[in-house]
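Spelled out from the first residue to the last, the chains are:
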Amino acid sequence: QIEEQLGGAANLDNYLAARRQTRQDLLRELNLQLAIEKLYSSEATVSAQEIDEFIQANQTQLAATDAATQRRQAEEAIREQKFSTIFGQKFQELKEKANVTIY
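So, a few notes on the structure that sits alongside this text. (Residues numbered from 1 in each chain as written. Predicted model: local features only at pLDDT ≥ 70, side-chain atom pairs only at ≥ 80, totals over all residues. Heavy atoms only, no water.)

Remarks on the packing of aromatic side chains
This structure, assessed with the given rule, holds one aromatic pair. A ring pair is formed by phenylalanine 87 and phenylalanine 91, whose centres lie 6.1 Å apart and whose planes are at 25 degrees; its orientation type is stacked. With phenylalanine 87 and phenylalanine 91 both in helix α5 (residues 67-98), this residue pair falls four residues apart, about one helical turn. Taking the relative accessible area as the measure of exposure, phenylalanine 87 reaches 35% and is therefore partly exposed. (Phe/Tyr/Trp six-rings, centres within 6.5 Å; stacked < 30°, edge-to-face > 60°. Helix = DSSP H or I, 4+ residues; strand = E, 2+ residues; numbered from the N terminus. Buried < 20%, exposed > 50% of the residue type's maximum accessible area, 1.4 Å probe, protein only.)

Points about a nonpolar patch on the surface
On the surface, Ile2, Leu6 and Tyr15 cluster together into a nonpolar patch covering about 220 Å² of accessible area. Counting through the fold element by element, leucine 6 comes out in the loop between α1 (2-5) and α2 (9-18). Given the relative accessible area of 32%, leucine 6 is considered partly exposed. (Patch = residues over 30% accessible without salt bridge, like charges linked within 9 Å, V, L, I, M, F, W, Y side chains within 5 Å. Areas by Shrake-Rupley, 256 points an atom, 1.4 Å probe, with all protein chains shown as cover. Salt bridge = Lys/Arg side-chain N within 4 Å of Asp/Glu carboxyl O.)

Some thoughts on the nonpolar core
Residues Val46, Ile51, Phe54, Ile55, Leu62, Ala74 and Ile78 constitute the largest nonpolar core, which totals seven residues. Broken down by secondary-structure element, the contributors of at least two residues to this core are α4 (48-57) and α5. Ranked by residues supplied to this core, first place goes to α4 with three residues. Formed by five residues, the second largest nonpolar core is a distinct cluster that contains Ile36, Tyr40, Ala44 and Ile86. (Core = buried A, V, L, I, M, F, W, Y, C linked by side-chain atoms within 4.5 Å.)

Quick notes on the packing of α4 against α5
At a minimum axis distance of 9 Å, the contact between α4 and α5 shows a crossing angle of 105 degrees. The orientation of α4 with respect to α5, classified from their angle, is roughly perpendicular. Between α4, through Ala48, Glu50, Ile51, Asp52, Phe54 and Ile55, and α5, the contact on the second element is made entirely by Gln70, Arg71, Ala74, Glu75, Ala77, Ile78, Gln81 and Lys82. Classifying every residue of the contact of α4 with α5 gives seven nonpolar, two polar and five charged. (Axes fitted to C-alpha atoms, helices over the stretch in contact; angles between N-to-C directions. Parallel < 35°, antiparallel > 145°, perpendicular 65-115°, else oblique. Contact = heavy atoms within 4.5 Å. Nonpolar A, V, L, I, M, F, W, Y, C, P; charged D, E, K, R; others polar.)

Details of α4
Residues three or four positions apart in an α-helix share a direction because the helix packs 3.6 residues into each turn. Within α4, burial applies to Ile51, Phe54 and Ile55. Mapping the buried residues of α4 onto a view down its axis gives an arc of 95 degrees, with all of them on the same face. Exposed side chains of α4 directed beyond 90 degrees from the buried face belong to Gln49, Gln56 and Ala57. In this fold, the buried residues of α4 make contact with α5. (Arc of directions from axis to C-beta.)

In structure tokens, the structure reads:
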């Protein structure tokens, strides 16, 4: 899907090269993201009201023009924001409990 969005295999490879990454690096990132989503999916629920508010606040930024696709895009964006926040909080909690010293 990412390859398709970027316009083909060559574009994906160029994109990854610019980020100094390989396809293996991308797969590791995606696997980590999926694992986080599975762990915290119950905490990252999105309500219809949140979707409505997001669409109203971000109407010009949504790529879709039909309501159903806009709702789907809004839900994905909100869920990603929530996962990011949750992961950040959980990571901070683990960091504080771990008592890690960096030299």
